[in-house]
Amino acid sequence: RTREALSDYSLALNRVDPAADDTPDPAEQTIQMNAFHGLGTVLITTADLPADAGIESARALAERVCGADEAGDGSHLMKLTRACLDKAIALRVALGQTENQQSGSAENKGFTYLRDGDFDGAFRHAKNIEKTGLFAWNELVRALSAEQYESALYIISSEHDGMDVSCN
């Protein structure tokens, strides 16, 4: 039901009141935060789906309301996804949520690094999130990325016998 979720979060963002930025109504900000969080998260799961009108429409909406930051590494779609999650995090900050609560959206960014095959980035991101508390999704990202990262280190160390390539 990924396509349905993508459509629902897109509809929620299309209904966001643009004037809400000027009047910080906590209820409106919470709706926005949930919509940005949901759109960002569902965009991760649609990365491999064949594009159709619904997916293209949701991605265009994300471009308009989230605006992908082109800095750094990664695919455009995962940068776009991180931008939507960053909007959710900013709203969590505006709502006065703790770092632990902010990590509810931040932890999902780890999956964007996994999608791009950036296991080092995913592992480092998960370690940063871990500082704010334990989260099941973050632990999964940490475990998956560490497994891939360790495999890469083993290959490197095999290619460079005697060279210390330990990881902290």
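**Student:** Sorry, what's going on with the overall build of the chain here?
**Tutor:** A count of helical and extended segments in the chain gives 8 helices and 0 strands. A burial count over the chain gives 40% of its 168 residues as buried. Nonlocal contacts in the chain, meaning residues at least 24 apart in sequence, comprise 55% of its contacts between residues at least 6 apart. Approximately 9300 Å² of the chain is accessible, and the part contributed by carbon and sulfur atoms is 53%.

**Student:** I would appreciate a short explanation of the packing of aromatic side chains in the present structure.
**Tutor:** The relation between two aromatic rings is expressed through the spacing of the ring centres and the mutual angle of the planes. Here the structure, examined in full by the defined rule, presents 1 aromatic pair. Ring centres of Phe111 and Trp137 lie 5.8 Å apart, and the angle between their planes is 75°; on these two criteria the pair is classed as edge-to-face. In this pair, Phe111 is assigned in helix α6 (residues 109–115) and Trp137 in helix α8 (residues 136–159), connecting sequence segments 26 residues apart.

**Student:** Is there a simple way to explain the confidence of the model for the chain in this structure?
**Tutor:** Segments scoring low in pLDDT should not have their predicted coordinates read at a detailed level. Model confidence for the chain is summarised by a mean pLDDT of 84, while 82% of its residues fall at 70 or above. Confidence drops under a pLDDT of 50 for residues 154–158, and excluding neighbours within four residues, the segment shows 2 contacts in the predicted structure.

**Student:** Please explain the nonpolar core as it appears in this structure.
**Tutor:** In a soluble, globular protein the nonpolar side chains are often hidden away together inside. Residues Leu6, Leu13, Phe36, Leu39, Leu43 and Cys66 are the most contacted members of the largest nonpolar core, which totals 23 residues. If you list the elements that add at least two residues to this core, you get α1 (2–14), α2 (26–45), α3 (53–65) and α4 (76–94). Per element, the largest residue contribution to this core is 7 residues, and it comes from α4. Residues in contact with Leu39, not counting those within four places in the same chain, are Leu6, Tyr9, Ser10, Leu13, Ala58, Ala62 and Cys84. Phe111, Tyr113, Leu114 and Ala122 belong to the second-largest nonpolar core, a separate cluster that totals 7 residues.

**Student:** Explain the packing of α2 against α3 here, please?
**Tutor:** Each pair of packed helices can be described by the angle between their axes along with the distance between the axes. α3 packs onto α2 with a crossing angle of 130° between their chain directions and a minimal axis gap of 11 Å. Here α2 lies oblique to α3, going by the angle between them. In terms of crossing hand, the pair formed by α2 and α3 is left-handed. Only Ala58, Arg59, Ala62 and Val65 of α3 make contact with α2, whose side of the interface consists of Phe36, Leu39 and Leu43. Class assignment for the residues of the contact of α2 with α3 results in 6 nonpolar, no polar and 1 charged.

**Student:** Could you clarify how one ought to interpret the pattern of salt bridges in this entry?
**Tutor:** Close approach of charged atoms lets side chains of opposite charge pair. For the coordinates displayed, the defined rule picks out 8 salt bridges. Across the pair Asp120 and Arg124 runs a salt bridge, and its minimum N-O distance is 2.8 Å. Taken together, the residues span about one helical turn, with Asp120 and Arg124 both in helix α7 (residues 119–130) at a distance of 4 residues. Residue class for Asp120 comes out partly exposed when judged on its relative accessible area of 26%. With a shortest N-O distance of 3.2 Å, Lys127 and Glu130 are connected by a salt bridge. Residue Lys127 and its partner Glu130 are located together in helix α7, separated by 3 residues, close to a single helical turn. Overlapping salt bridges bring together Lys127, Glu130, Glu139 and Arg142 as one network.

**Student:** How do you make sense of helix α5 (residues 99–106) when you look at a structure like this?
**Tutor:** For the α-helix, the turn length of 3.6 residues means that residues three or four positions removed from each other point alike. Within α5, the full set of buried residues consists of Gln102, Ser103, Gly104, Ser105 and Ala106. Among the structural elements, α2, α4, α6 and α7 are those in contact with the buried residues of α5.

Criteria and thresholds
Residues numbered from 1 in each chain as written. Predicted model: local features only at pLDDT ≥ 70, side-chain atom pairs only at ≥ 80, totals over all residues. Heavy atoms only, no water. Helix = DSSP H or I, 4+ residues; strand = E, 2+ residues; numbered from the N terminus. Buried < 20%, exposed > 50% of the residue type's maximum accessible area, 1.4 Å probe, protein only. Contact = heavy atoms within 4.5 Å. Areas by Shrake-Rupley, 256 points an atom, 1.4 Å probe, with all protein chains shown as cover. Phe/Tyr/Trp six-rings, centres within 6.5 Å; stacked < 30°, edge-to-face > 60°. pLDDT = per-residue confidence, 0-100. Core = buried A, V, L, I, M, F, W, Y, C linked by side-chain atoms within 4.5 Å. Axes fitted to C-alpha atoms, helices over the stretch in contact; angles between N-to-C directions. Parallel < 35°, antiparallel > 145°, perpendicular 65-115°, else oblique. Left-handed = near helix turned anticlockwise from the far one by under 90°. Nonpolar A, V, L, I, M, F, W, Y, C, P; charged D, E, K, R; others polar. Salt bridge = Lys/Arg side-chain N within 4 Å of Asp/Glu carboxyl O.

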